[in-house]
Amino acid sequence: MNKPLKWYLRRHSLLYKIRFKLISKKSTFSDMEDMCYNYINPKNEIPSIYFELNQSIFTETDGHLTDLKKAEKIANWLRNNIKGGPGLGNSSESAIRKMINGEGGVCSDFAQVYNNFCVINDLKVKEWGLKIITDEPQTKGGHSFNEIYSQELQKWILIDVAKCLFFYHSALSLPLSVSDLIALKRQKKEIKYCEFNKEITADPKRIKELYLAMNSFPFLITNYRNKICDYFLTKLNFLPVSLIHGILFLSGNSYAFQFPLDPINNIIQRPVIRLIPKRNPMQVLEEIAK
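Residues numbered from 1 in each chain as written. Predicted model: local features only at pLDDT ≥ 70, side-chain atom pairs only at ≥ 80, totals over all residues. Heavy atoms only, no water.

**Some remarks on unusual backbone geometry**
Reasoning step 1: If you check the backbone angles, Asp122 has positive phi at about 60 degrees while not being a glycine.
Reasoning step 2: Tracing the chain through its elements places Asp122 in the loop between helix H6 (107-120) and strand E2 (125-132).
Reasoning step 3: Although it is not a glycine, Asn223 sits at a positive phi angle of roughly 60 degrees.
Reasoning step 4: In this fold, Asn223 is placed in the loop between strand E7 (216-222) and helix H10 (226-235). (Helix = DSSP H or I, 4+ residues; strand = E, 2+ residues; numbered from the N terminus.)

Below, the structure written as structure tokens:
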């Protein structure tokens, strides 16, 4: 690697680290309960391409789907129609176009576009990230996923769109929220995951490294105003993405990373994680009632 390129990479890596610290805050799960992407991103500010593509996801017969089924159907459509590839970091409109055209898409891109599909389908949604302290190249970049609110179950549900996963405590439990998963992790309880797309198979080792490792910490992405971020990412697309996000911060338009207080202590042992067969979460209520 030549010297100018090394300098460039070091420089932008440092900018990212500085920006990450500046926009990181501490909060509680209780405080974060009502933080929602939808509240600051109304339907009329979502790019029109999402409404066009949405007609391919849902048909007229899908009018009475539960929130969880809607969330699952959007995720399945994205994973079945996007092969993935390099990270994009583009505006939400440019990102979905490139992803559909087979030009890339990593977990953060999936989480980004998933937010907008949830908004136009009246699903409350959040976007989360995982900060992982490690020297392992494959895991060092962390991971992105979402949470949706199920009106039927009256709770937030963690959904990993890129890997098409839900998490459970046991066969007779409801799908877990992020706070549920963290609480079970602290208590060293068994955590199970369920794959809901037969075309996507998750690596158990990878799931452990991302979600259950002692050096893995979740953070909620808040104050992400899609219309504003799209504007900056489009108008300044000749600049490196890290610089554009720095400009967003300096202009007072930046999002924030909310880390739950009382992070998992490193001495806590990793819980067990197992794969369970696909199941309909709505059947759980009937099973519990018996």
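**A word on the packing of aromatic side chains**
Geometry of an aromatic ring pair is reported as the spacing of the ring centres plus the angle between the planes.
Reasoning step 1: Tallying each qualifying case throughout the model produces 13 aromatic pairs.
Reasoning step 2: Aromatic side chains Phe29 and Trp128 sit 6.1 Å apart centroid to centroid with 35 degrees between the ring planes, which places their arrangement in the tilted category. Placement of the pair is Phe29 in helix H2 (residues 29-32) and Trp128 in strand E2, with a sequence separation of 99 residues.
Reasoning step 3: Residue classification places Trp128 among the buried residues on the basis of a relative accessible area of 1%. (Phe/Tyr/Trp six-rings, centres within 6.5 Å; stacked < 30°, edge-to-face > 60°. Buried < 20%, exposed > 50% of the residue type's maximum accessible area, 1.4 Å probe, protein only.)

**Structural notes on the nonpolar core**
Reasoning step 1: Ranked by size, the top nonpolar core spans 53 residues in total, and within it Leu78, Ile96, Tyr114, Phe117, Ile148 and Ile159 carry the most contacts.
Reasoning step 2: Considering every element that reaches this core, the biggest residue donor is H6, with eight residues.
Reasoning step 3: Non-local contacts of Ile159, meaning those with residues more than four positions away in its chain, are made with Ala71, Glu72, Ala75, Tyr114, Phe145, Asn146, Glu147, Ile148, Leu165, Phe166 and Phe196.
Reasoning step 4: If you look at the next biggest cluster of nonpolar residues, it comprises 21 residues, including Ile132, Leu158, Ala202 and Tyr211. (Core = buried A, V, L, I, M, F, W, Y, C linked by side-chain atoms within 4.5 Å. Contact = heavy atoms within 4.5 Å.)

**Focus on the state of the cysteines**
Reasoning step 1: For the coordinates displayed, the defined rule picks out zero disulfides.
Reasoning step 2: Cysteine Cys36 remains unbridged, with the sulfur of Cys118 as its closest cysteine sulfur at 9.4 Å. (Disulfide = S-S within 2.5 Å.)

**Thoughts on the packing of helix H3 (residues 48-57) against helix H5 (residues 92-100)**
Reasoning step 1: Direction vectors running N to C along H3 and H5 enclose 40 degrees, while the axes themselves pass 9 Å from each other. Seen from H3, the contacting residues are Ile49, Tyr50 and Leu53; seen from H5, they are Ser92, Glu93, Ile96, Arg97 and Ile100.
Reasoning step 2: Along the lines of polarity and charge, the residues of the contact of H3 with H5 split into five nonpolar, one polar and two charged. (Axes fitted to C-alpha atoms, helices over the stretch in contact; angles between N-to-C directions. Nonpolar A, V, L, I, M, F, W, Y, C, P; charged D, E, K, R; others polar.)

**A closer look at the pairing of strand E5 (residues 165-168)**
Reasoning step 1: Residues Leu165 and Phe167 line one face of E5 and the alternating positions Phe166 and Tyr168 line the opposite face, and both faces are buried.
Reasoning step 2: Relative to strand E6 (residues 191-195), E5 is paired through four bridges, and the arrangement is antiparallel. The residue of E6 that forms the bridge with Phe166 is Cys194. (Pairing = 2+ DSSP bridges.)

**Re the pattern of salt bridges**
Reasoning step 1: Within this structure, the stated rule accounts for six salt bridges.
Reasoning step 2: Ionic pairing is found between Lys43 and Asp122, a salt bridge with its closest N-O pair at 3.0 Å. Taken together, the residues span a long stretch of sequence, with Lys43 in the loop between H2 and H3 and Asp122 in the loop between H6 and E2 at a distance of 79 residues.
Reasoning step 3: The exposure class assigned to Asp122 is exposed, which follows from its relative accessible area of 54%.
Reasoning step 4: Between Glu72 and Lys69 there is a salt bridge, with its nearest N and O atoms 4.0 Å apart. A residue pair is termed a helical-turn pair when its members lie 3 or 4 positions apart in one helix, as Glu72 and Lys69 do in helix H4 (residues 67-81) at three residues.
Reasoning step 5: On the basis of relative accessible area, Glu72 is assigned to the buried category, the value being 6%. (Salt bridge = Lys/Arg side-chain N within 4 Å of Asp/Glu carboxyl O.)

**Quick look at H5**
Reasoning step 1: If you check which residues of H5 are buried, you get Ser92, Ala95, Ile96 and Met99. Angularly, the buried residues of H5 cover 95 degrees about the axis, an arc narrow enough to put them on a single face.
Reasoning step 2: Along its buried surface, H5 packs onto H3, H4, H6 and H10.
Reasoning step 3: Backbone geometry just downstream of H5 places Gly102 in the positive-phi region, at approximately 75 degrees. (Arc of directions from axis to C-beta.)

By themselves, these observations are geometric and do not establish any function.
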